[in-house]
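# Residue-level structure breakdown
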Amino acid sequence: MPWGKAGKQVTYTEYPQKKGVIYPDPNGGLYIAWEEEREKLGQSWIFAQYLNSSGEPQWSANGRQVAPASAWQQNPVICPDTRGGIYRDWETDRKSTRL
């Protein structure tokens, strides 16, 4: 394993993380997304991180919030696009208006 038997810590926050998903890129890196309860316990938001092939974080130190919003977010999903990147999706309770 290129990152050692102990693995690699992705986030260093004191908040609970759960429901992590991982998708490998073609260059040996990993896209990672998870639910995290920051600020308001019981309300989750989706965060993501990209680790390069050496296991070094390429985005902010504790991951990037995928969609800043006041509504809860849960159940992250990652799937590839056709250019070597990813799509991210999740559930939310944000209300929308039909046009």
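The structure reproduced in this document is the subject of the present report. All values derive from a computational prediction rather than experimental measurement. (Residues numbered from 1 in each chain as written. Predicted model: local features only at pLDDT ≥ 70, side-chain atom pairs only at ≥ 80, totals over all residues. Heavy atoms only, no water.)

### With respect to the overall build of the chain
Looking only at helices and strands, one finds zero helices and six strands in the chain. Its helices and strands in sequence order give the chain the pattern β-β-β-β-β-β, from N to C terminus. Sorting the 99 residues of the chain into buried and exposed places 35% on the buried side. A fraction of 38% describes how many contacts in the chain between residues 6 or more apart in sequence connect residues 24 or more apart. In the structure as shown, the chain presents an accessible area of about 6700 Å², 50% of it carried by carbon and sulfur atoms. (Helix = DSSP H or I, 4+ residues; strand = E, 2+ residues; numbered from the N terminus. Buried < 20%, exposed > 50% of the residue type's maximum accessible area, 1.4 Å probe, protein only. Contact = heavy atoms within 4.5 Å. Areas by Shrake-Rupley, 256 points an atom, 1.4 Å probe, with all protein chains shown as cover.)

### With respect to the side chain of Asn-52
With respect to the helices and strands, the residue Asn-52 is situated in the loop between strand E3 (45–51) and strand E4 (64–65). Polar side-chain contacts of Asn-52 include one of 2.9 Å to the backbone nitrogen of Ser-54. Of note is the side chain of Asn-52, whose polar atom sits 3.0 Å from the backbone nitrogen of Glu-56. (Polar contact = N/O pair within 3.5 Å; in protein donor to acceptor, adjacent residues only side chain to side chain.)

### Points about the nonpolar core
One finds Tyr-31, Ala-33, Ile-46, Ala-48, Tyr-50, Val-66, Ile-78 and Ile-86 forming the largest nonpolar core, which totals eight residues. Within the residue set of this core, elements represented by two or more residues are strand E2 (30–36) and E3. Looking at this core element by element, the count peaks at three residues for E3. With sequence-adjacent residues up to four places away left out, Ala-48 is seen in contact with Ile-32, Ala-33, Trp-34, Trp-59, Gly-63, Arg-64, Val-66 and Arg-88. Counting residues in each nonpolar core, the second largest holds seven residues, with Val-10, Ile-32, Trp-45 and Phe-47 among its members. (Core = buried A, V, L, I, M, F, W, Y, C linked by side-chain atoms within 4.5 Å.)

### Structural notes on the pattern of salt bridges
A complete count under the given rule lists four salt bridges for this structure. The shortest N-O distance in the salt bridge between Lys-19 and Glu-35 comes to 3.7 Å. Of this pair, Lys-19 sits in strand E1 (residues 17–24) while Glu-35 sits in strand E2, placing them 16 residues apart in sequence. In this structure Lys-19 comes out as partly exposed when scored by relative accessible area, which is 44%. (Salt bridge = Lys/Arg side-chain N within 4 Å of Asp/Glu carboxyl O.)

### What about the sheet that holds E3?
With respect to topology, four strands assemble into an open sheet ordered E1-E2-E3-E4, the strand pairing being antiparallel. Of all the strands in the sheet, just E1 and E4 have a single pairing partner and so form its edges. Summarising the sheet, E3 and E4 pair through two bridges and their orientation is antiparallel. Across the sheet, residue Ala-48 finds its bridge partner in E4, namely Arg-64. (Pairing = 2+ DSSP bridges.)

Any link to function would need more than the numbers given here.
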